[in-house]
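# Working through the structure, step by step
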Amino acid sequence: MAARGSCPGCGSAALVEDAHYAQQQLVCAACGCVLAEGLLTTTYAEEEHLREVAYSQSTGQKEQLSRCLQRGIRRVQDLCKVLHLPTVFEETAVSYFQRALQHPSFHLVSLEKKELLGGCCVFVTCRQHNWPLTMGTICSLLYAKQELFAGVYLSLQKELGLSVPALSLGDLVKTHLNSFRLFQHAADIPASFVEDKEKMVARTMQIVELASETWLVTGRHPVPIVTAAAFLSWQSLQPAARLTCTFARFCKLAGVDLPAPAHLRLKELLEILLRMASQLAWLRVFNMDKKTVIKHIGDLLQHRIFLLKNAFCLEDEEEPRAVAAGEGSPGSPAAGGAAQEEGCPSEGKRQREGGPRPLLPPCLLNPRKRLRTAAPSASDSAITGDEPISDSEIEQYLRGPEEIRAFRKAKAWL
């Protein structure tokens, strides 16, 4: 666009207005001399008046948000392509990312959290479509810490009001075992250690269901339990060649990390299996230990419901005992014996060896910390109930005419 006047350097009248990095300049087309410059901190409406405004309202800030949005969208799309997600998932994740950047809660967060925001949108989309994806997989792709990712994920879920269903144990088993390296022949894996994927997944699912029925999953992180169950299922499929393999070596060959509490979950699972093996008729003649019981995991899982009822005091068996105890007289011996059986959970320790014990969570069977009752303070022990009532509280104790009549009627009825 030509402007009136002439260039003071060459005298040419070919003066044009050029927008250089969102900054209006008056430039001579003949010699390139800059005659006038605009201001960087201007809005689109006020650029022609050259008024200074805050940077948050300037064109530079708007261009920066635009670049951040475009870069985030490309990051979300690339992440969906790496995970081989359908197109519908990609569109949903991009829409969540756009909503998140427009929310005021994510305007002033750090750049690291903004980088994780796209991964959180993909993670939420997969959970909503029942697509098995773990937080660890996303963090490994983004090279992020799980604690920071979890914080951004919870903030996104809260601020946008998203409903995210929890991942079931079955989906978690399939997803976690997909990363194992024991399903294909490799140079560093012995031939006897390679296992069929479908067989191992099916048996691991059965062991995880057993752990869920025996209170080993409640309140625990699921990954150590799934890892321990996978190790037991892998050993039980070919026990002759795999019993000598340790848990740490198994995780190293599989290419997965060994979680810290996985050894405890393995010990608890073996104790449950030993308890069930003591109730199986053709296994009573053998001296079962934690090594030999692995050979019979298939039989134990096949008769799981029957063995659990015989090895533990389940609620279904305790109800008939309570009914039978109620039929007798209060002072009868039968009622007293039933009352002893229905006592506190610690009574299971007093039962004879090999007898059924209550099926309780491990935190109740082996408590690590005992609750301590707080000692009464001097002010609490000094309260007798005969203290005078203050004037501010006396109105709470006064009764109206209706309350007085109702109180007299209830007293006469008693």
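See the structure above.
Each value, and the rule that gives it
Residues numbered from 1 in each chain as written. Predicted model: local features only at pLDDT ≥ 70, side-chain atom pairs only at ≥ 80, totals over all residues. Heavy atoms only, no water. Axes fitted to C-alpha atoms, helices over the stretch in contact; angles between N-to-C directions. Helix = DSSP H or I, 4+ residues; strand = E, 2+ residues; numbered from the N terminus. Parallel < 35°, antiparallel > 145°, perpendicular 65-115°, else oblique. Left-handed = near helix turned anticlockwise from the far one by under 90°. Contact = heavy atoms within 4.5 Å. Nonpolar A, V, L, I, M, F, W, Y, C, P; charged D, E, K, R; others polar. Buried < 20%, exposed > 50% of the residue type's maximum accessible area, 1.4 Å probe, protein only. Arc of directions from axis to C-beta. Salt bridge = Lys/Arg side-chain N within 4 Å of Asp/Glu carboxyl O. Phe/Tyr/Trp six-rings, centres within 6.5 Å; stacked < 30°, edge-to-face > 60°.

### Things to note about the packing of helix 3 (residues 111–128) against helix 5 (residues 146–160)
Axis separation between helix 3 and helix 5 bottoms out at 9 Å; the angle between their running directions is 65°. Classified by the angle between their axes, helix 3 and helix 5 sit roughly perpendicular to one another. Remark: the crossing between helix 3 and helix 5 carries right-handed chirality. Facing Glu 112, Lys 113, Leu 116, Leu 117, Gly 119, Cys 120, Cys 121, Phe 123 and Val 124 of helix 3, the residues of helix 5 in contact are Leu 148, Phe 149, Val 152, Tyr 153 and Leu 156. Tallied by class, the residues present in the contact of helix 3 with helix 5 amount to 11 nonpolar, one polar and two charged.

### Things to note about helix 10 (residues 247–254)
Residues of helix 10 that are buried: Phe 247, Phe 250, Cys 251, Leu 253 and Ala 254. Viewed along the axis of helix 10, the buried residues span an arc of 165°, placing them on a single side of the element. Looking one or two residues beyond helix 10, the residue adopting positive phi is Gly 255, at roughly 80°.

### Digging into the pattern of salt bridges
In total, this model carries seven salt bridges according to the counting rule given. One salt bridge connects Arg 304 with Glu 209, and the closest N-O pair in it is separated by 3.4 Å. Taken as a pair, Arg 304 in helix 13 (residues 304–311) and Glu 209 in helix 7 (residues 197–213) lie far apart in primary sequence, 95 residues in all. The exposure class of Glu 209 is partly exposed, given its relative accessible area of 37%. Linked by salt bridges that have partners in common, Glu 209, Glu 213 and Arg 304 make up one network.

### Description of the packing of aromatic side chains
Applying the stated criterion across every chain yields a total of nine aromatic pairs. On the numbers, 5.3 Å between centres and 55° between planes, the contact of Phe 231 with Phe 250 is tilted. Linking Phe 231 in helix 8 (residues 222–237) with Phe 250 in helix 10, this pair joins segments that are 19 residues apart in sequence. The pair formed by Phe 231 and Phe 250 is uniform in burial state, with each residue classed as buried. The exposure class assigned to Phe 250 is buried, which follows from its relative accessible area of 1%. Chaining the aromatic ring pairs together yields one cluster made of Phe 180, Phe 193, Phe 231, Trp 234, Phe 247 and Phe 250.

### Observations regarding unusual backbone geometry
Despite not being glycine, His 84 shows a phi value in the positive range, around 60°. Take His 84: it is sitting in the loop between helix 1 (59–82) and helix 2 (87–102). With a phi close to 65°, Trp 215 is a non-glycine residue in the positive phi region. Topologically, Trp 215 is positioned in the loop between helix 7 and helix 8.

### Some thoughts on the environment of Lys 197
Along the chain, the position of Lys 197 falls in helix 7. Along the chain, Lys 197 and Leu 177 lie 20 residues apart, while their C-alpha atoms are 8.3 Å from each other. Not counting the four nearest positions on each side in its chain, Lys 197 is found in contact with Asn 178 and Phe 183.

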